[in-house]
Amino acid sequence: MTHVPDEGMVLVPGGTLITATPEEGRALAITLARHTVHNLQPGLEILRAGRARYGEDPMGLIAAAQVVALEFATVAAANGYWR
């Protein structure tokens, strides 16, 4: 079984939640969510097989969006909401 590459396993890419803009913060939130999934399911075959199921499931996509929203809230708080 092949695994997610090491760069996909880093929990906080770049070692910081600080970003220059909300746009960068949103991108970081998406990356954090993806890395969380990779750490929970490092097997690429299993990870890719699951995408076919949840990729067309509205509830699965909504759940994924909720995870990103939670990550974004964390990044926003760390950045003082880009005052």
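First things first, this report covers the structure right here in the doc.

**Things to note about the overall build of the protein**
Here comes step 1: Scanning the protein from N- to C-terminus turns up three helices and zero strands.
Here comes step 2: Across its three principal axes, the protein shows a C-alpha extent of roughly 45 × 30 × 15 Å.
Here comes step 3: Burial statistics for the protein: of 83 residues in total, 27% are counted as buried.
Here comes step 4: Summarising the internal contacts of the protein: among those between residues at least 6 apart in sequence, 72% fall at separations of at least 24.
Here comes step 5: Here the protein contributes 6 positive and 8 negative side-chain charges, whose respective centroids are spaced 3 Å apart.

**Digging into the side chain of H35**
Here comes step 1: Mapped onto the elements, H35 comes out in helix 1 (residues 22-40).
Here comes step 2: Residue classification places H35 among the buried positions, given a relative accessible area of 8%.
Here comes step 3: Apart from the residues within four sequence positions on either side, H35 is in contact with E7, G8, M9, V10 and P13.

**Observations regarding the packing of aromatic side chains**
Here comes step 1: One pass over the structure, following the stated rule, counts zero aromatic pairs.
Here comes step 2: It is R26 that lies over the ring of F72; its NZ or CZ is 5.9 Å from the centre.

**Re the environment of R48**
Here comes step 1: Relative to the elements of secondary structure, R48 occurs in helix 2 (residues 44-54).
Here comes step 2: The spatial distance from the C-alpha of R48 to the C-alpha of A77 is 32 Å, given a sequence separation of 29 residues.

**Digging into helix 2**
Three or four residues apart is the spacing at which side chains of an α-helix point the same way, because the helix has 3.6 residues per turn.
Here comes step 1: Taken together, the buried positions of helix 2 are occupied by L44, L47 and G50. Along the axis of helix 2, the buried positions cluster into a sector of 130 degrees, meaning they face one direction only. Turned more than 90 degrees off the buried face of helix 2, the exposed positions are R48, A52 and R53.
Here comes step 2: Residues of helix 2 that are buried make contact with helix 1.

**Re the nonpolar core**
Here comes step 1: L28, L32, V75, A76 and W82 together form the largest nonpolar core, which totals five residues.
Here comes step 2: The set of elements that each furnish at least two residues to this core consists of helix 1 and helix 3 (58-78).
Here comes step 3: If sequence neighbours within four positions are ignored, W82 has contacts with T19, A20, T21, P22, G25, F72, V75 and A76.

**Quick look at helix 3**
Here comes step 1: Given a rise of 1.5 Å per residue, 21 residues ought to cover 30 Å, and the 30 Å separating the end C-alpha atoms of helix 3 matches this to within 8%.
Here comes step 2: Three or more residues of helix 3 are buried, namely G60, V68, E71, V75 and A76. On an axial view of helix 3, the arc spanned by its buried residues comes to 155 degrees, and they lie on one face. The outward face of helix 3, more than 90 degrees from its buried face, is lined by the exposed residues P58, M59 and L70.
Here comes step 3: Check the buried side of helix 3 and you find it contacts helix 1.
Here comes step 4: A positive backbone phi angle near 60 degrees is found at G80, which sits one or two residues after helix 3.

Reading the values: the criteria
Residues numbered from 1 in each chain as written. Predicted model: local features only at pLDDT ≥ 70, side-chain atom pairs only at ≥ 80, totals over all residues. Heavy atoms only, no water. Helix = DSSP H or I, 4+ residues; strand = E, 2+ residues; numbered from the N terminus. Buried < 20%, exposed > 50% of the residue type's maximum accessible area, 1.4 Å probe, protein only. Contact = heavy atoms within 4.5 Å. Lys, Arg positive; Asp, Glu negative; His and termini not counted. Charge placed at Lys NZ, Arg CZ, Asp CG, Glu CD. Phe/Tyr/Trp six-rings, centres within 6.5 Å; stacked < 30°, edge-to-face > 60°. Lys NZ or Arg CZ within 6 Å of the ring centre and 35° of its normal. Arc of directions from axis to C-beta. Core = buried A, V, L, I, M, F, W, Y, C linked by side-chain atoms within 4.5 Å. Expected span 1.5 Å × (residues − 1).

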